[in-house]
Protein chains: 4
Amino acid sequence: MQPLSHGERATGAARGIAQYFAQVRVRSEQLCEHLPADDFGLQAMPETSPLKWHLAHVSWFFETFVLKEFDARYRPFDPAFEMLFNSYYNGVGRPFPRPNRHLLSRPTLDTVYAYRRHVDGAMQSMLDGGGLPEALLRRTVTGLHHEMQHQELMLTDLKYNLACNPLYPAYRDAELPTVVSAQPLRFVGFEGGLVDIGASGEEPFSFDNEHPRHRYWLEPYALANRQVTNGEYLAFIEDGGYGNPLLWLSDGWASVQKECWTHPMYWRRIDGGWYEFTLHGLQPLAADRPAAHLSYYEADAFARWAGGRLPTEQEWEHAAASRSADEGQFCHPEDCLHPGPGCEQDGIWGMYGGVWEWTASPYVAYPGYRPASGAIGEYNGKFMCNQQVLRGGSCATPPGHVRASYRNFFYAPDRWQFSGLRLARDDAGRDWR
Amino acid sequence: MQPLSHGERATGAARGIAQYFAQVRVRSEQLCEHLPADDFGLQAMPETSPLKWHLAHVSWFFETFVLKEFDARYRPFDPAFEMLFNSYYNGVGRPFPRPNRHLLSRPTLDTVYAYRRHVDGAMQSMLDGGGLPEALLRRTVTGLHHEMQHQELMLTDLKYNLACNPLYPAYRDAELPTVVSAQPLRFVGFEGGLVDIGASGEEPFSFDNEHPRHRYWLEPYALANRQVTNGEYLAFIEDGGYGNPLLWLSDGWASVQKECWTHPMYWRRIDGGWYEFTLHGLQPLAADRPAAHLSYYEADAFARWAGGRLPTEQEWEHAAASRSADEGQFCHPEDCLHPGPGCEQDGIWGMYGGVWEWTASPYVAYPGYRPASGAIGEYNGKFMCNQQVLRGGSCATPPGHVRASYRNFFYAPDRWQFSGLRLARDDAGRDWR
Amino acid sequence: MQPLSHGERATGAARGIAQYFAQVRVRSEQLCEHLPADDFGLQAMPETSPLKWHLAHVSWFFETFVLKEFDARYRPFDPAFEMLFNSYYNGVGRPFPRPNRHLLSRPTLDTVYAYRRHVDGAMQSMLDGGGLPEALLRRTVTGLHHEMQHQELMLTDLKYNLACNPLYPAYRDAELPTVVSAQPLRFVGFEGGLVDIGASGEEPFSFDNEHPRHRYWLEPYALANRQVTNGEYLAFIEDGGYGNPLLWLSDGWASVQKECWTHPMYWRRIDGGWYEFTLHGLQPLAADRPAAHLSYYEADAFARWAGGRLPTEQEWEHAAASRSADEGQFCHPEDCLHPGPGCEQDGIWGMYGGVWEWTASPYVAYPGYRPASGAIGEYNGKFMCNQQVLRGGSCATPPGHVRASYRNFFYAPDRWQFSGLRLARDDAGRDWR
Amino acid sequence: MQPLSHGERATGAARGIAQYFAQVRVRSEQLCEHLPADDFGLQAMPETSPLKWHLAHVSWFFETFVLKEFDARYRPFDPAFEMLFNSYYNGVGRPFPRPNRHLLSRPTLDTVYAYRRHVDGAMQSMLDGGGLPEALLRRTVTGLHHEMQHQELMLTDLKYNLACNPLYPAYRDAELPTVVSAQPLRFVGFEGGLVDIGASGEEPFSFDNEHPRHRYWLEPYALANRQVTNGEYLAFIEDGGYGNPLLWLSDGWASVQKECWTHPMYWRRIDGGWYEFTLHGLQPLAADRPAAHLSYYEADAFARWAGGRLPTEQEWEHAAASRSADEGQFCHPEDCLHPGPGCEQDGIWGMYGGVWEWTASPYVAYPGYRPASGAIGEYNGKFMCNQQVLRGGSCATPPGHVRASYRNFFYAPDRWQFSGLRLARDDAGRDWR
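What counts, and where the lines are drawn
- Residues numbered from 1 in each chain as written.
- Chains lettered and ligands numbered in written order.
- Predicted model: local features only at pLDDT ≥ 70, side-chain atom pairs only at ≥ 80, totals over all residues.
- Heavy atoms only, no water.
- Least-squares fit on C-alpha atoms with pLDDT ≥ 70 in both.
- Contact = heavy atoms within 4.5 Å.
- Buried area = accessible area lost by both parts, 1.4 Å probe.
- Salt bridge = Lys/Arg side-chain N within 4 Å of Asp/Glu carboxyl O.
- Polar contact = N/O pair within 3.5 Å; in protein donor to acceptor, adjacent residues only side chain to side chain.
- Pairing = 2+ DSSP bridges.
- Helix = DSSP H or I, 4+ residues; strand = E, 2+ residues; numbered from the N terminus.
- Buried < 20%, exposed > 50% of the residue type's maximum accessible area, 1.4 Å probe, protein only.
- Axes fitted to C-alpha atoms, helices over the stretch in contact; angles between N-to-C directions.
- Parallel < 35°, antiparallel > 145°, perpendicular 65-115°, else oblique.
- Domains from an automatic or database assignment.

1. Comments concerning the relation of the copies chain B and chain A
Note: a rotation about an axis with an accompanying shift along it relates these two copies of the chain.
Inference 1: The two copies are related by a screw operation: chain B maps onto chain A through 180° of rotation and 0.0 Å of translation along the axis, at an RMSD of 0.0 Å. Overall, the copies show the geometry of a two-fold rotation axis.
Inference 2: Comparing contact sets, 100% of the residues at the interface of chain B also lie at the interface in chain A, consistent with an isologous, same-surface contact.

Have a look at this one:
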C-alpha cells in the first residue's frame, strides 16, 4: 500500500516484479509439495485454514485486487471462487464462513493448482506488457507480501492441525539442529525521548498500518539482550506460575482456568520428561531454545513473575530500528539467542527470525492513519480492536518479509503462532530477578 | 450375533462366508472409487464420519472382534489403529474423539487401503482353513452386516458433508430416474391381538436387539398403503405447519425455534421454486417421491396435522412380517410408492428400500434381552435410551441387509438419514383428512 | 381430565370441591409462609422456577382454564399476567421465557398474594352457585391436582436453589427423624400374563395420560421388596461404578464425563465423611435411607452393577395396583424401607412416599390415547418424547395425590427430584448379587 | 490509592473523613430505600450484580481492606462473608462465582443491613480515635470512592435487570425533565504538542491507574463541542448503518450479526414509533438527549459514518483539564448538550454528567505504573487488557466522583452503562459531514 522504494522505482520495475512474483508464488507450492493429499484439507479450529484454501486464497487476492481492477480482458477462472476464497472482505461480497473451509472438498486440489496456473499466466502476461501504472505494480507487491503472510500461516496452521493427531506426524523429517547454550540474560538501556515511529518510506515495502510515521515520547527503558528461553519458562512453571492468580491479568487467569493451561501449547509431559511438538515431530524439550507458542497472557504473567514487563511496540521498534532483518527461516526457532554475524556482543540479538515477541501495546491506528478506500481498505484497519501487537517475525516468516516497523497482531489468548517474548524494564541497572 | 441360519449351517459355510466376505468388502470400496481424494476426509458434524475413517473402522472391527479373538498368529497392521479407529467400544480402550476424526490426515488414504488389504488377507487365510468354530463364523457375518451398516452411513454422511458446499457437488452424475405418479393414499386394516415380535431365528442373520422373540398385545390398527410424499409434505408446509406449535411435541417445537426449521433438511427455496439436494446434486423437488430427511419431530407433526399418527414398531413389524425384502438400492428414494412385483394392489407397498420409517416407539430392550458379554456387547444395548426406532430400510441400505424384525434407531432431531414416514391410524375405515 | 369418581358425583359435589379447593390452596401458602422474602425469587436453573412464580402460575391455571372458560363475568386481575405466568401453553399465547422467571421482580410478592386472593374469591363465588356443569367441576379438580404437582416442585426447586448457597440453608430447622435399619433386600415374584394397565375410572381422579386402560402382555418378573438405600449405592461408588463405562448407557456415560459426576447430586464429601444436603440443611449421610436425587442414568447403571434391571412401568403398576397410597409426606425420604401398617412382611413395601422410582419405560402415549382439545390438551401429551416414566411418588408429594396408575416423567439426566429406584429381575429365585 | 490532597492533609482530616464516610454510606441506602424487596436479588447477566450484593460488597471492602488491616480489635460480622462478598480479589481467597450472586438469598436483606451497621459502627469508632496513620485515612477514602463506583453500578445494573421485565417497571416515578433543543454540532481545535497526562496529585483523590503523570506527544486535533444526540444516531440507523459492514470494526460486525443489533440497547420500536427504556420507565425517544447505552463498536461505527473518529483518552483529558466537574446527577442523561454556567459559548460542553464517552484508547498502564502490593493491587491493574477507556462520567455518576484524569474502562461490546460518544477529528476546519 506504500510507494515503491527508490530501488523499485529506479529499475522501472515491472520486470523485477515479474521475477519477484514468480519466486514468491513458487515458494508457496514448494512449502507443501512433499505432503500427502490428505493433509491439504485439515482445519482443526476456525483460525487454522486448510493448506488448499491458503493456496487458493492468495490467488484470489491477485484475481480480485489486481487482475479484476487493472486488466479489463481478464476472465475469472470460476465465478464461484469469488465467494469461496474471499477471507473477510465484505466489500467484495459475503465470504464463505471461515469455520467451514475444511468442508470445501471441491474444488479439488488439482483444480486449485489449475487456478494458480490460470492466475499466474494472467499476471505474467500483464506484467510483460509495458507502461504499467504504478498503482498496479504497488498492488502486485502488496499481493506478494500478502502471500508471504499466508506462507507463514500455512506452517503455523498445519502445525496446529497435525498436533491434533496422536501420531504426532512431522512436517519435515530432517533432524532439528543441535542446540547451542543460550547467552546469559542482560538488559540494554535506551534513553528514549521524542522519537519517530512508523515506516519511513525508505523500506522496500510497508503496510498501511505502519503509517504515518509520527513522533512519540519515550521514557528511558531497557530491553533484554535476547528472548526468553524454554529453560527460563520452565522455572516459571516449576515455581507454580500457572497456579498463582496474582501473576495474571484478569482475563488471562480466566483463560488459565477455563482452558486448564499448565504449560505452553505444544509442550507435553510424558513419563516425567518434557517434550515439545514441532514441525519435526515430537522432540525432547530444549532448554536453550526460545519459549514459543505462548499466549499474550502467558508472556505477560511470565514477565511479571520475572520482575520485568513486556516492552511497548514503540520501545521495541526504536531499539530494532538500527538492525537489519538478516535472520533466516527455519521450521523451529533457534540460533537467535546469540549475537549473529555483525552483532555487537553487548547489544540486543535475534530481533527477527526466532519467535514473534508480544508487546504491551494493543493494536491501534497510528495518529492520522487512513485506510485505503474500497474493499482493500479492510486489509488491516478493521482489526484495530481487542488485539495485541507482536513484533519481529519468527522462524516461519519468509525471508525478506519483516522489518523494524512491521506490526503483527493477534488476540491475547492466541497461541498457535510462534510467539514468545523479550523482557523489558524501566531501567537497565537492576539485576534480573 | 444370532445363530447361523439353517442354510448356513447346512453348507458348513466357511467357504460361503469367505465368498460373502469378499463381496461385501469390495462393495465398500466400489462405493467411493470414483471420488477425488479431497472427499475422503470430510466431516461436517460429529455424526458424519469421513469416508476414510469408515473404510478403516470396518476393518478395525474384523481385526478387533474376529482376528484378535480367534487367530493367535494375527499381527495387527499398526498398534495405534486400535485407538484411532475404535468407534465407541470402551471395553477395547478409550476411542479417539469422534468430532475430531476429520483431523486424522494420517494414516493416509493409501495406508488405509493397505490396512484393508492386510485385514482381507488375514481373514481369507483364516476362512480358508478347516474346522473353524461356529462362533468365529457367526462373528464374521456380524462384521459383514456391520460393514453394510457403514456402507449406508458412507452415503448419508457424504451427502450431508457435500451439502455444506455451495457448489452442490453430485456424488453420482447419472440422472435421476423419471418419477411415476404416486398411487392414492389408502389405509389397510390389521386385527392385532397377541402377536409374536422379534426375530424368529429363521432369518439368515439378525442382531441381538431383535431378540428375544416375545409375545405382544396389539389393538386393531391401520397402516397407509405407502409412504408420505414430498407433495403431501409440501401441503403441510403451505398450511403453516412449521408455524403452529400445537402440532408439535414440546421438544420438537423447541428444535423448530432453535434451528429455524421451515422445511426438510435438504430442501432449498430458490427463485420461488423448490429444490432438493440429492446424491445426484441439486434437483427440482419431485412431488411424487417419498418425503425424506425428516426428523422424528417433523414426521410426528405431519402425522398429527394429517389426522393420523406414527405406527408403533410392533404394528409395523406385524404388518411387514409377511413381505420379503426385495427392494433394490438407489441413490435416492423412488419406486416404492407403487405395488412392486408380487405385491397386491390393495396391500401395503414399499416397506423397504424407499426411506426409513420413523415409528412411535422409543428404542428399548425387548423383555428378556441380554447383550453379549465383553466389548462386543456395546454394539447395540448401550444405546437403548433417548432414541426412536425406525423400520424398513432406505434407498441407501445395501441389498440383503434388512428384514421385518430389523430395528434401526436415531435421535428424534436427527435428519441426515433417509428418514420419512408412513401414516397409521387406530382404524382403517375413516377417510384420510 | 377424567370423569369424577362415583363418590364425587354422588355428593353433587360443588360444596365438597369448594372445601377441597380451600384446603389445597392454603397448603401452597403454608409451605412457604416461614421463609424470608429473599427466597421467593430464586431460580438456579431454567427448570427450577421461583416460589413466587409457582404461587402465581397455579392461580393463572384457574384463571385461564376455569374462570375465563366458565365464568362470563370474571375480570382478570391483570391482563399482563396471561403471558407472565403461562408456563408452556402455546395455545394461550407465547409464554414468558422460562429461564427468565427469576427476573420478574414485579409483580411483587405482595401483588402475587393479592392475585391469589382475587382468584380464590372468584372461584369460591362460582363454586357457591348452583347448577354447575360437570365439566367445570372436573376442570377445577384438575386445577387442584395441578397445584399439588407444583407444591412438590416448590420443595424440589427450592432445595436445588438453596443448595447453590455455600451456607447450606435449611428449609426446615426441625431435626430429621432417627433412621431405622433397612430390612434385607428380597425379591418378590409376579406371574404376569395379559393384564390391564391404566386408570380404571374408579379413582377419585386421574390424568389423561393414564388413559385409556388397555391390555398389556407381561412376562413373569420379580420386584425388590424395597427401594435401594444410600448404603447400597455407596457400595456401587466404592466399587468404582462412576469410573466403569461398561456399566452405563452411552448417553449416561457422556453425562458422567461432561458433568464430572462421581456421586448423587446432593452428596458432599467433607473431610473424609459423606454428607447429604437436605431440606433440613447439610446432614451426615444415612446409609439406611433410600438413595435419592439420582438421574435415570445412575439408577440404570446401579441396577446393571447390582445384577438386576429397572422395572417397566407396567410391571410396577401391576405390582402396586393392590396397595393403597397411604404414605405420608416429609421433607426427606424415610420410613419407606419397612413394611408399613397393613403390609405383609413378605410383600413389597414403600411404593409411595419415599422416592419416585425410575422405570425402564420411556414416556409414550397409551394405545388409543387422545389429548383434550384446546390449550388444555398441552398438559401432558406434548411431552411424550425423550423422557422416562417414574412411578410412586416421593416424600415431597402431597398426601392424596398419587395412585398406582400415576405417571410422572422426567428427562434421563434430571436429578433434582426425589428420584431413586427399586430393582427388578426376570425371575425372583436368583440370589441378589 | 494516592496521597491525600493538600486540603485533606491540612485539616488533619479524620473528622472530615468520618463525616464524608457517613454521607457516602447513607447515599447507597437512599438509592434503593423506596424499592420493594423483590428488586434486591435481580441479576440478569453475570455483569449486573444484585442490589443486595452491592450493599454487602462495599461493606466487605471496608472490612477487608481497612478494618482487618488497621484495627486489631475488629471482629468480622460473619466469617463466611469473606468469600461471599469478595468480588474478584484472588489475594483474599477464591470469590463466590459472580454469575451466581443472585442465588444468595441468604444472608437476607435484613442481615445485609445489619452487616452495614456493624461495619459502620466499627469504622466510626476507629475514625473517632486520634493519631490515625495516613495510610488508613487514604485507604478509607479509597473505600468511599469504591462505594461511589458501586452506587453508579447499582443504577445501571438495576436498569438492565428491570429492562428484562415486559412490564417495564420504573425506578423513579417522577417525570423526566423537558428536553431543550441541542445546540448545533461544532468542532473546537486543540494544538497538541508535548503535554502532561495523568493525575497531578492536586486532586482531592485519584486512583492508581491515573498515575504516574507523564509526558505525551499529541498531534493537533479537534473535538466536538457536545456529545452525539439520539437524533443524530437515528440518522445513522436510517442510513442503514447497522447493515453496512464497511462501517464497522471486524469484531463489531461480528457482534452486530451474532446479537442481531439494529439499534441501541434500550431503544424499542413500537407501532412505528421509537421509545427508550429509562429509569423512569418506557419513554418516547427524545432526539435532543445524548445517545446512550452504545457499545464501543456502535460508537466507533457511528464516528466513521459521520466522517470523524473517536478521540484518544489523551486528547480528551487534555481538552477537559481546564474544566471543573460541576455537573449534577440524574437518572437520565440531559442538560449536557448546552454550555453550562461558566462555560464559553464557543467552548466544549458537558464533559461530565451526561454519558461516559468512549475513547479510541485501549486501557493500558501508564509508563512507569506500579499497582499497590497485596490484594488491593488487584483493584485496577489486572484489567489492563481487552478493554477500552471511557472518560467523563454519566448522569448516574455520584457528584464529586469524577475528574479530568479519571479512567473508566469496559469491554468493547458492553452496552449497559450510560455510554455514548463525542466526535473527534484531525482538524477543526472541515465541515461536519
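2. Notes on the arrangement of the chains
Inference 1: No interface is formed between chain A and chain C, the nearest pair of C-alpha atoms being 14 Å apart.
Inference 2: Structurally, chain B and chain D remain out of contact, their C-alpha atoms never closer than 14 Å.

3. Description of the interface of chain D and chain A
Inference 1: With 34 residues of chain D at the contact, the number on the chain A side is 34 residues.
Inference 2: Both faces considered, chain D and chain A share a buried interface measuring about 2,700 Å² in area, 55% of it formed by carbon and sulfur atoms.
Inference 3: Counting across the chain D and chain A interface gives two salt bridges.
Inference 4: In this structure, the salt-bridge partner of Asp-426 of chain D is Arg-370 of chain A, at a minimum N-O distance of 3.3 Å.

4. As for the relation of the copies chain D and chain A
Inference 1: If you rotate chain D by 180° and push it 0.0 Å along the axis, it lands on chain A with an RMSD of 0.0 Å.
Inference 2: Most of the interface of chain D is mirrored in chain A: 100% of its interface residues are interface residues there too.

5. Remarks on the interface of chain B and chain A
Inference 1: In this complex, chain B contributes 28 residues to the contact, which on the side of chain A involves 28 residues.
Inference 2: When chain B packs against chain A, the two sides together hide about 2,100 Å² of surface, and 64% of this comes from carbon and sulfur.
Inference 3: Area buried by chain B at its contact with chain A is led by Asp-38, Leu-103 and Arg-106 of chain B, which between them contribute 29% of it.
Inference 4: The interface formed by chain B and chain A holds four salt bridges in total.
Inference 5: Across the pair Asp-38 of chain A and Lys-52 of chain B runs a salt bridge whose closest N-O atoms are separated by 3.0 Å.
Inference 6: Seen at the junction of chain B and chain A, the total is ten residue pairs in polar contact (both at pLDDT 80 or more).

6. Looking at the sheet that holds strand E9 (residues 387–391) of chain D
Residues and elements named next belong to chain D.
Inference 1: The mixed open sheet is built from four strands, whose spatial order is E10-E9-E8-E11. Sheet topology places strand E10 (408–411) and strand E11 (419–420) at the edges, where each strand pairs with a single neighbour.
Inference 2: Across four bridges, the pairing between E9 and E10 is antiparallel. Across the sheet, Gln-388 pairs through a bridge with Phe-410, a residue of E10.

7. Some remarks on the environment of Gly-307 of chain B
All names here are of chain B.
Inference 1: Summarising the element assignment, Gly-307 is placed in the loop between helix H9 (296–305) and helix H10 (313–320).
Inference 2: Judged by its relative accessible area of 41%, Gly-307 falls in the partly exposed class.
Inference 3: Sequence separation between Gly-307 and Arg-425 is 118 residues; the distance between their C-alpha atoms is 8.4 Å.

8. What to know about the packing of helix H2 (residues 14–32) of chain C against helix H5 (residues 109–128) of chain C
Residues and elements named next belong to chain C.
Inference 1: Viewed as axis vectors pointing N to C, H2 and H5 meet at an angle of 170°, and their least axial separation amounts to 10 Å. As judged from the angle between their axes, H2 and H5 are roughly antiparallel. Here Ala-14, Ile-17, Ala-18, Phe-21, Ala-22, Arg-25, Ser-28, Glu-29 and Cys-32 of H2 lie close against H5, whose contacting residues are Tyr-113, Arg-116, Arg-117, Val-119, Asp-120, Met-123, Gln-124 and Leu-127.

9. Observations concerning the pairing of strand E8 (residues 356–362) of chain B
Residue and element names in this part refer to chain B.
Inference 1: Most of E8 sits out of view: six of its seven residues are buried.
Inference 2: As defined by bridge partners, E8 adjoins strand E11 (residues 419–420) across two bridges and the pair is classed as parallel. Considered in E11, the bridge of Trp-356 is made with Ser-419.
Inference 3: Inspection of the sheet shows E8 paired to strand E9 (residues 387–391) by three bridges, in the antiparallel sense. Following the sheet pairing, Trp-358 is matched in E9 by Leu-390.

10. Thoughts on the domain arrangement of chain A
By a widespread convention, an interface's size corresponds to the accessible area lost as its parts come together.
Residue and element names in this part refer to chain A.
Inference 1: Looking at chain A, the domain boundaries give domain 1 (11–163) and domain 2 (187–426).
Inference 2: Distance between the C-alpha centres of domain 1 and domain 2: 27 Å.
Inference 3: Facing the 28 residues of domain 1 at the interface are 29 residues of domain 2.
Inference 4: A combined buried area of about 2,500 Å² lies between domain 1 and domain 2, and 65% of that area is made up of carbon and sulfur atoms.
Inference 5: When the buried surface of domain 1 facing domain 2 is broken down by residue, His-145, Glu-152 and Lys-159 rank first, second and third, together holding 28% of it.
Inference 6: Counting across the domain 1 and domain 2 interface gives zero salt bridges.

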